[in-house]
Amino acid sequence: MIQTPAFKELGRKEEKIIMAKKPLNIGMIGYGFMGRTHSNAYCKVNNFFDLEYKPVLKAACARNAERIQAFADNWGYESIETDWRALVAREDIDAVDICTPNNLHKEIALACAEAGKMILCEKPLSMNAAEGEEMCAAVEAAGVPNIVWYNYRRVPAVTLAKQLIDEGKLGRIFHYRAQFLQDWTISTELPQGGEGLWRLDASVAGSGVTGDLLAHCIDTAIWLNGSIDSVSAMTETFIKERVHQDTGEVMPVTIDDACTFMGRFSNGSLALFESTRYARGHKALYTLEINGEKGSLRWDLHDLHRLEYFDHGDAGAVRGWKSIHVTDSEHPYMSNWWVPGLQIGYEHTFVHQVADFLKSLETGEPAGPTFRDALETQKVCDAVLASANSSTWHNVG
């Protein structure tokens, strides 16, 4: 390394930090909403976290060359590909970020594992648990680091909830309930399938709200409260037919527009989950509440920097729900950001995930959720859909 006079003037600590940065060349497949959130995280992470590795936006990939070039120019990717196979085959790519529709996750992940690439895969892991098993077997045989983008684990308030639960602040858990409500598919004029609407096509998405919204709720629940053993579910498709965007033909709608299920965790607590895209007035209302013998917690995505906490151990005269503003330096992740009292937002959860993934490369300890972790969520989703189809309880697994 050529050392200029200015460089030589740096202290040993600064010199060590500069020389320690190792490039991690990222290949991004996809350029939609998630492609943007992930790219932003790669760009920001080293500005706020002290890490050995530094993501390099090496290549972005999509079928439409004009669009992916515009995406690459906007975010600073060095090159583009129009075939994901070419991107995976490149020797200058260390890690592949899979931001494609769900039906492509398995094929791309298997190719990445064979090529020895690290994998960061969008959620859900796969179309179903059988595909997920193949993906887990492939990455574990190849020994490649892997992670799935269930980002709500890394909202500081949710991470704080995890800490409080693990410390025994709630005692024995009795109830876990979660909702994820949206309203964007109510119009009968909305087509299904194709660009931007593939989530309404079960052949591409695997399922509807179960795999899209409830999967987030399930992953967080398992992380906070342990495995789910059995479920009883019901689903509904409110609009039975829609025009398919690609063909122009009216076709049956095969996704679940809404899903509600109850279940039982391995620790004996009871679960109640609801998700829908037909809750008029709700754009992205994700809430969770946990009730234990010693206290309760609840969290709301619309107020994501606050965690509500009820401690039964408080003196009776002052006992009640308290709202914790999760912005202090002792709160999870917050020492890397601003001064106490200034909150962060949705996009920061992806920065946290990248930071944890990069740190795992330093330590050798996997950052969750790994493919194997995400497979557990996929198995619950499969059991939920099977239960709804048969109108019976189903065991998970």
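Shown above is the structure to which this text applies.
Definitions and cut-offs
Here the residue numbers are simple positions, counted from 1 along each chain's written sequence. Local features in this predicted model are restricted to residues whose pLDDT is 70 or higher, and side-chain atom pairs enter the listing and the counts only when it is 80 or higher, whereas totals over whole chains, interfaces and linings include all residues. Derived side-chain values reflect all non-hydrogen atoms in the structure, with water molecules and hydrogen atoms excluded from consideration. Strands here are runs of E lasting at least two residues and helices are runs of H or I lasting at least four, both read from the DSSP assignment and numbered beginning at the N terminus. Only protein chains enter the area calculation, which uses a 1.4 Å probe; residues under 20% of their type maximum are buried, those over 50% are exposed, and those in between are partly exposed. Contact between two residues is taken to exist if any of their heavy atoms lie within 4.5 Å; hydrogens are not considered. In the cavity and pocket records, a cavity denotes points on a 1 Å grid over the protein atoms alone where a 1.4 Å probe fits but cannot get out, a pocket denotes an open set with protein on both sides within 12 Å along at least 5 of 7 lines, and lining residues are residues with an atom within 4 Å of a point. Grid points are joined across faces, edges and corners, and a volume is the space filled by probe spheres set on the points. In the scheme used here, Gly and all other residues not listed as nonpolar or charged are polar, with Ala, Val, Leu, Ile, Met, Phe, Trp, Tyr, Cys and Pro taken as nonpolar and Asp, Glu, Lys and Arg as charged. To estimate the expected span of a helix, subtract one from its residue number and multiply by 1.5 Å. Read the arc as the range of directions from the helix axis to the C-beta atoms. Polar contact is the term for a pair of N or O atoms within 3.5 Å; when the atoms are in protein, one must be able to donate a hydrogen and the other to accept it, and sequence-neighboring residues count only if both atoms are side-chain atoms. Interaxial angles span 0 to 180 degrees and are taken between N-to-C directions of axes, which are lines fitted to C-alpha atoms, for helices over the stretch in contact. Roughly parallel means an angle under 35 degrees; roughly antiparallel, over 145; roughly perpendicular, 65 to 115; everything else is oblique. Rotating anticlockwise by less than a right angle from the far helix to the near helix defines a left-handed crossing, while the corresponding clockwise rotation defines a right-handed one. Here the bend at a residue is taken as the angle between two axes, fitted respectively to the seven residues that end there and the seven that start there. In this text, buried Ala, Val, Leu, Ile, Met, Phe, Trp, Tyr and Cys residues form a nonpolar core when linked through side-chain atoms within 4.5 Å. When a carboxyl oxygen of Asp or Glu lies within 4 Å of a side-chain nitrogen of Lys or Arg, that pair is called a salt bridge.

**Q** Tell me about unusual backbone geometry, residues and numbers included.
**A** Residue P124 is reached from K123 by a cis peptide bond, and omega for that bond is -10 degrees. Mapped onto the fold, P124 is located in the loop between β5 (118-121) and α7 (129-142). Residue P369 follows G368 across a cis peptide bond; omega there is 0 degrees. Considering the arrangement of structural elements, one finds P369 in the loop between α11 (346-363) and α12 (371-390).

**Q** Give me the environment of W75: which residues, what numbers.
**A** Following the sequence through the fold, W75 ends up in helix α4 (residues 65-75). Classification of W75 by relative accessible area gives partly exposed; the value is 22%. Placed 296 residues apart in sequence, W75 and F371 show a C-alpha to C-alpha distance of 27 Å. Filtering out sequence-adjacent residues up to four positions away, W75 remains in contact with R36, S39, N40, C43 and L57.

**Q** Which residues make up empty space enclosed by the protein, and what values do they have?
**A** Inspection of every chain in the model, using the stated rule, returns two cavities of 30 Å³ or more. If you add up the space inside the largest cavity, you get close to 50 Å³. What lines the largest cavity is simply V155, P156, A157, L304, H305, V326, I344 and G345. Here the residues of the lining of the largest cavity are counted per class, giving six nonpolar, two polar and no charged. Considering only enclosed or pocket space, the second largest cavity measures out at about 30 Å³ in volume. Of all the secondary structure elements, the ones that give two or more residues to the lining of the second largest cavity are β1 (22-29) and α11. Top contributing element to the lining of the second largest cavity by residue count: α11, with three residues. Of the residues belonging to the lining of the second largest cavity, the class tally is eight nonpolar, no polar and no charged.

**Q** Account for α7, naming residues and giving values.
**A** Because an α-helix packs 3.6 residues into every turn, residues spaced three or four apart end up facing the same way. Over its 14 residues, α7 runs 20 Å from end to end, which matches the ideal 20 Å to within 8%, given 1.5 Å per residue. Regarding α7, the residues found buried are A129, E131, G132, M135, C136 and V139. One side of α7 holds all its buried residues, which, seen down the axis, span an arc of 145 degrees. Across from the buried face of α7, at angles greater than 90 degrees, the exposed residues are A130 and A141. Tucked into the core, α7 has its buried residues touching α6 (105-115), β5, β6 (146-148) and α12. Sitting at the head of α7, N128 places a side-chain oxygen 3.2 Å from the backbone nitrogen of A130.

**Q** Give me the lowdown on the packing of α6 against α7, citing residues and values where you can.
**A** Where α6 meets α7, the axes come as close as 9 Å, and the angle between the chain directions of the two elements is 15 degrees. When the interaxial angle is binned, α6 and α7 end up roughly parallel. Remark: the crossing between α6 and α7 carries left-handed chirality. For the pair α6 and α7, contact is made by H105, K106, A109, L110 and A113 and by E131, E134, M135, A138, V139 and A142, respectively. Broken down by class, the residue content of the contact of α6 with α7 amounts to seven nonpolar, one polar and three charged.

**Q** Describe helix α10 (residues 209-225), with residues and values.
**A** For α10, the principal kink sits at A215 and spans about 45 degrees. Among the 17 residues that make up α10, 16 are buried, leaving the element largely enclosed by the rest of the structure. Remark: G226 follows α10 within two positions and exhibits a positive phi of approximately 95 degrees.

**Q** Lay out the side chain of R242 in plain terms, naming residues and giving numbers.
**A** Note that R242 resides in strand β9 (residues 241-243). A polar contact is formed between the side chain of R242 and the backbone oxygen of T185, at a distance of 2.6 Å. A polar atom in the side chain of R242 sits 3.0 Å from the side chain of Y278. Sequence-distant contacts of R242, that is, excluding residues within four places in its chain, are made with T185, S187, T188, L190, P191, Q192, E249, V250, M251, V253 and Y278.

**Q** An account of the nonpolar core is requested, with residue identities and associated values reported.
**A** In this structure, Y176, F261, F273, Y286, W299, L307 and F371 are the most contacted members of the largest nonpolar core, which totals 72 residues. Of all the elements, α10 adds the most residues to this core, at nine residues. Excluding anything up to four places from it in sequence, L307 contacts A157, L160, A161, L164, L297, R298, W299, K322, S323, I324 and V326.

**Q** Please give an account of the pattern of salt bridges that cites residues and values.
**A** Counting across every chain of the model gives 24 salt bridges. A salt bridge links E133 to R372; the shortest N-O distance between them is 3.6 Å. One end of the pair, E133, is in helix α7; the other, R372, is in helix α12, and 239 residues separate them in sequence. Looking at R372, the relative accessible area reads 36%, which means it is partly exposed. When salt bridges that share partners are traced, they join K123, R199, D212 and R277 into one network.

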